[in-house]
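So you can see what is in the structure, the chains are spelled out below.
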Amino acid sequence: MRLCASCALLGLLFVTAFDSSECLQTTVRPDKGSTVTVSTVLPVDQCAVCTVSGLNDTLTSCHASLPLVPEEEVKLLFNCSQPVEQAFTVTIARTIECTKDACSPTTVGTQASILAQLSRTFTWELKAPEKTLVGLDVLGEGLIETSQPCPDGFQYSMTTSKTNAEGRTQYCRGGSETRLEATNGAFVSLQVKPEAVVESVLFQASAVPLKGRTMVVTVDSSTTVVISRDPGEPECEICSVDGSTRDCSPTEKTLTNVEKLSLEFSCLKPQDVYSVKMVKKIECTQSSCTPAAGEIDPDVFKDFKRSLTWDISVPDRTVLTLDFPGGLKEMSGAEKCQDGPQYSVSTTNREGKIKTTSYCTGGTVSRHLDLLRATTMTAEVPKGSEVDSFTAKAAPRGGRMMSVMPDPSTIITISRVTSEPDCSVCVNEEPKQKCEPSWLSLKDSRNTTVEFTCPQPQEVFTVEINRDIDCQEGTCPRNIVQAESSLFPDFNRTFTWDLRVVSTRTFQLDFPEPGMRQIPNEETCPDEHTYSIVTYLRSGPATIGTFCKGGTVTAILALYKGRLSLQVPGDRKLEPVDFKLSVGPETDIIAIVKVNLPRGVSNTDFITANYPRDFPDDEQMQWDFTVPGMHNYTVHFSDHTAPECLRNEVEVEYQKEKKKVTKLTLTDSQPQHKQGNFNMVLRNCQTNRTLQGLTLNYRVSVMRSGHPVLCAVDLTGQQGVSLQMEKVGSDPYCEMSVNSKVEKKINVAAGTKAGLSFLDCPNEDVRLTASKVIECQNVTSCSATQLTVPKLDSCLPMPLHSFTWHLKIPQDGTVDLMSPTGSLRQSLPGHECNRSVSLHVAEGDGFSVGDFCLTGMIQKVQVHANVSVTATVPDFSKTREPFLNVSFSQEISETIIYRVSPVESSLTLLATPNWPLGMRASSTVSWIVTVPSQYEAHMQFVNLSQPKCLDRHTAIKVRMLGDEEEMISRREDEDAEDKLTVPRSFYLNMSNCIPEEGHFGAMTNIVLQKKSNLLAILLGIAGALLLLLIVLAVVCFVTKKRKKDKLAKEASIYIGKGNIFRPSDRHFSKTRSDNDSHVYDSIDETMMYGHLLGDSSYADSMPDHFNGVPVDTYNTFTGPTAATLPVIKEPDNEPELERFQTFLDPSETFSLTRPRTPIDRQDSLGFQDRRMLDNELYTFKSTGGMNTIRLSGVDMEPQSPTITEDSL
């Protein structure tokens, strides 16, 4: 044996025949009695086995399959494009000849060394006399039956015949089976892999007379068993032995009503040759079945292939029920069960039609209900499988009863659609029950009992629900379509509306979006809701068309009288189109179909009335097409037939608004690549009805005209401005592109140029937004600015939706936002801004601060972060004023500060940022609220939500400006006061924690009210009354005291001599003009303030000149008395003037001025001059200017300090 390297010379002989990559040369000599065949499945031009002979091996003969002659040596050359061991197989066949008691050879061996490099199959054919059993005892390791390939590459198999592949049994080494038995014609084989070492002796053969398999069976009278030999199987006789009687058959045996009958088979494995068919009968009455259980002896013919049939007879008006305790699974079509038996249940009606349902084991179906008439239950059982039993139950066939009440003007018709004779439909109840076998109509609008005499009437009858709609008065009723009908939900239903208007008018059906789609007549819609419209002409009914939901047809107008039908199958939920019915205009056209062609590329088919039958003679039909803008349409006649006209001609008319009518024939070229809406009218002639009439099936194709709107955007001159465009509409044909690249979103960056294109894009389908970046690097050098919208390129077709300013500041900066109109107002739920101007303020990361309007109580908003402001107005082209004034200031400690100036006449609402969602974690917000003088602020927390804090606490603090003490300070775990009155300007501060759950938010309202001065007024009145009482008491006391003193001084004295005078006469020696008696030294107030004279401190406080002898006062007379009155000489006044000067110099005193009228402020009760001494007399301590002291509290309210930017 040589490999390819050693047979190179021989390979040259085949260089023209093979593109060789593998070759093998060897010499073999088959043993006597062996038939060796070498073969390959590849074509001979790719692989061949050749015999080499002749001088110098020059003669070759190549074949795809080569049989070798026993005992003849031959040189073989294997040449193949693939590996030789994979391309070739070797079959070594031998025959074992047996007599009735011996076999030759006795030991079954192999030629183990022959062609060991290739895959080999050793086969032995058994030949023995009839009724002889051949036994092969396995030498060495035993065998085990298997259905899988053997892992060691030694695969044994045995078949009952050469042609019976189904009777093949496979074995592997390593089992306990040591003997194989077979009869004449059996084949035993061993297949090994290349290089496998095969024993030279495998079996010991022997032969004995065949004793077939014997079994004892019992079959009852209701069962018939047919045992039949399968065609193509080896001969095997079956005999029944009843005592001394022996009945044999080579093909079939039928058994019934036998007990313990002995069956003998002349073959070893009759289960491989015969199959068993068992037929059992079950007789049922209207109440029971005999036998009730469908079961068999599980051990009878268990290893045979069995077909079990139960014929169940059912009397009329009886329902049969089959119960399967183990559960079944329904199969569809030709589907087969993988393991176990396959069941089928068949019912036969009187017409001989059979309905069959197949099942497999292992499902959830445990009951087969409502089986009518004769039923057959069949189980196809593989070898060795067990059969589940079932139970048959019979009961009188109960009808199905329901209550029906037709709507007004509605007729319900129940019609038979099958010829099942055992089911009728009845109305009313016994004894007035009336039954109809095929048709029943319900017209009365009352509750009616309907009974069917079969349990499944939906398989026998259909229901038509008809409603008559009369619009001859000029109007049609509304809501003629019921969204859902509970009548006969599991029946096939047809809903019909008979429509009628004045004979000269049309009825119009308007369909909601997405319209209707026309389909060929007699077809069914995918959603099983199929509509058809029929109009009644003098020549007969004409079907305008059949339609489904979802299409281009928006309305249909038809002449005078017609019918709209809707077909819905049983067990399908009714979901009708809510069409609207109205009276249309006068016309002589049988139907007008209004079509709204879609945008983009589309092809829509239409057919004429009655298609594919003939269009009515001398009639017209019109289609009104609405073509979207910037689209072209083309009309193409797909299929048509032209009639023979007896009068007039067939015409197709096209008409556009304000244009002439175009008349064409069926064979003319129809409009192509046109634009605009158009009408198409088909006019028929009077035809020869014995020939083919007019039919037309045509298509309208629409495509975009391809004229985009172009715009060149230049943002190089607008610092920081960028544009954004986004598709927001549902039109899939809107196409936006930037620089020739189609995009769904377009962003034109700041300082760039872009070429924009908009193809078939309505303005409302594209949203244009713009933004601008304003950046401040140093707050000390950044100037204030105004937020205004720059002018954008006029070529942009869509309006500006919103404009956003992005304000960027350094870490230590603050953005100050102020309204150019003076104030802002926060938009809150229930107090939203109007739609004129809306400003959305957010931090740089998008966290919302709030929405604001331009008029309110907020004077300024300060944010310690980057800010974005988005303005939204109905029309930016009409808004030229700035939206906000923006300035930049130094860092603030809070996140946001609001400066608020409430107004007396309105409520002020303050809400935390991002209301109502809650503040940012660990953020702080403050409101500086300015309260006018003479007002106080009434503050209330109307809505407060507190979180559960993970870290730190929330805080709410209120403190008046200038005060260190806080009026209120509360955390989230403390009860906060919901109302507070603040008498002057104050801070309101709120801080958030890091929440674990929930959020922190608050809404506060502030109301200004004037302060109440009732207490000060009452105190002033009480003080004035008290002072008045004191004055009156003093006056009364002084007056009374003066009267007493006067009476005491005016005492009478008698003098005997001299002048008589009374002290009270007050005569002086000098006249008034000669002395200074009219000049008062002082005003004597001792009588008025006498209670003070006992106070030494008061006397000591008086000036010195008030301590001398008082002048011009009366002293008691102490001189002598005589008969004559003494002459009193008054001393000279001149020398005594200096000593006894009666009055002080005016420069040394002062005179009280009389009260001025009217009384000035200093004369009021609330006035005091600081020059007065602090004593009860209130004497003056100086003569300087007045320095007022306000005693009343009316005008003494605290004034709010002036708040400056520096102080904050």
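Please read these numbers as outputs of a predicted model, since none were measured by experiment.

Colleague: Requested: an account of the overall build of the chain, with residues and values cited.
Modeller: What the chain contains, in helices and strands, is 5 helices and 85 strands. A buried classification covers 40% of the 1208 residues belonging to the chain. When contacts within the chain are restricted to residue pairs at least 6 apart in sequence, long-range pairs at least 24 apart make up 79% of them. Entry remark: accessible area of the chain is about 67000 Å², with carbon and sulfur atoms responsible for 50%.

Colleague: Break down the sheet that holds strand β10 (residues 107-109) for me, citing the residues and quoting the values.
Modeller: Read from one edge to the other, the open sheet built from 4 strands follows the order β10-β18-β12-β16, with strand pairing classed as antiparallel. Each of the sheet's edge strands pairs with one partner strand only, and the pair in question is β10 and β16 (179-182). With direction set aside, neighbouring strand axes in the sheet form an average angle of 30°. Note: strand β12 (residues 132-138) against β16, 4 bridges, orientation antiparallel. Among the inter-strand pairings, glycine 135 is bridged to a residue of β16, identified as glutamate 181.

Colleague: Can you lay out unusual backbone geometry for me, pointing to particular residues and giving the numbers?
Modeller: With omega at 10°, the peptide bond leading from glutamate 513 into proline 514 counts as cis. A cis amide bond links tryptophan 915 with the next residue in sequence, proline 916, at an omega value of 5°. As for its position among the elements, proline 916 is in the loop between β74 (908-911) and β75 (924-929). Its identity as a non-glycine residue notwithstanding, glutamate 71 has a phi of 60°, on the positive side.

Colleague: So what's going on with a nonpolar patch on the surface? Residues and values would help.
Modeller: Together, Leu1026, Leu1027, Ile1030, Val1031, Val1034 and Val1035 make up an exposed nonpolar region whose accessible area comes to about 490 Å². For leucine 1026, the location among the structural elements is in helix α3 (residues 1014-1049).

Colleague: I'd like a rundown of the pairing of strand β53 (residues 651-655), residues and numbers included.
Modeller: Bridge count for β53 against strand β55 (residues 678-683) is 5 bridges, and the pairing is antiparallel. Note on β55: the bridge partner recorded for glutamate 651 is arginine 683. Where β53 and strand β54 (residues 662-664) come together, 3 bridges link them in antiparallel fashion. Bridging across to β54, tyrosine 654 finds its partner in threonine 662. Linking β53 back to β54 in an antiparallel pair, the connection comprises 6 residues, with lysine 658 at a positive phi of about 65°.

Colleague: Go over the packing of aromatic side chains, please, and point to the residues and values.
Modeller: What the rule picks out here adds up to 24 aromatic pairs. Judged by centre distance (5.5 Å) and plane angle (35°), the ring pair of phenylalanine 452 and phenylalanine 491 falls under tilted. Here the residue phenylalanine 452 occupies a position in strand β38 (residues 448-452), and phenylalanine 491 occupies one in the loop between β39 (461-470) and β40 (492-500), the gap between them amounting to 39 residues. Judged by its relative accessible area of 0%, phenylalanine 452 falls in the buried class. Here tryptophan 623 and tyrosine 698 contribute two aromatic rings whose centre-to-centre distance is 5.3 Å and whose plane-to-plane angle is 85°, an arrangement assigned as edge-to-face.

Colleague: Tell me about the sheet that holds strand β76 (residues 935-945), and please be specific about residues and values.
Modeller: Strand order in this open sheet of 4 strands is β74-β83-β76-β80, and the pairing throughout is antiparallel. Among the strands making up the open sheet, the edge pair consists of β74 and β80 (979-982). Adjacent strand axes in the sheet meet at a mean angle of 25°, parallel and antiparallel pairs treated alike. Pairing between β76 and β80: 4 bridges, direction antiparallel. Residue pairing in the sheet places glutamine 940 in a bridge with lysine 979 of β80.

Criteria and thresholds
- Residues numbered from 1 in each chain as written.
- Predicted model: local features only at pLDDT ≥ 70, side-chain atom pairs only at ≥ 80, totals over all residues.
- Heavy atoms only, no water.
- Helix = DSSP H or I, 4+ residues; strand = E, 2+ residues; numbered from the N terminus.
- Buried < 20%, exposed > 50% of the residue type's maximum accessible area, 1.4 Å probe, protein only.
- Contact = heavy atoms within 4.5 Å.
- Areas by Shrake-Rupley, 256 points an atom, 1.4 Å probe, with all protein chains shown as cover.
- Pairing = 2+ DSSP bridges.
- Axes fitted to C-alpha atoms, helices over the stretch in contact; angles between N-to-C directions.
- Patch = residues over 30% accessible without salt bridge, like charges linked within 9 Å, V, L, I, M, F, W, Y side chains within 5 Å.
- Salt bridge = Lys/Arg side-chain N within 4 Å of Asp/Glu carboxyl O.
- Phe/Tyr/Trp six-rings, centres within 6.5 Å; stacked < 30°, edge-to-face > 60°.

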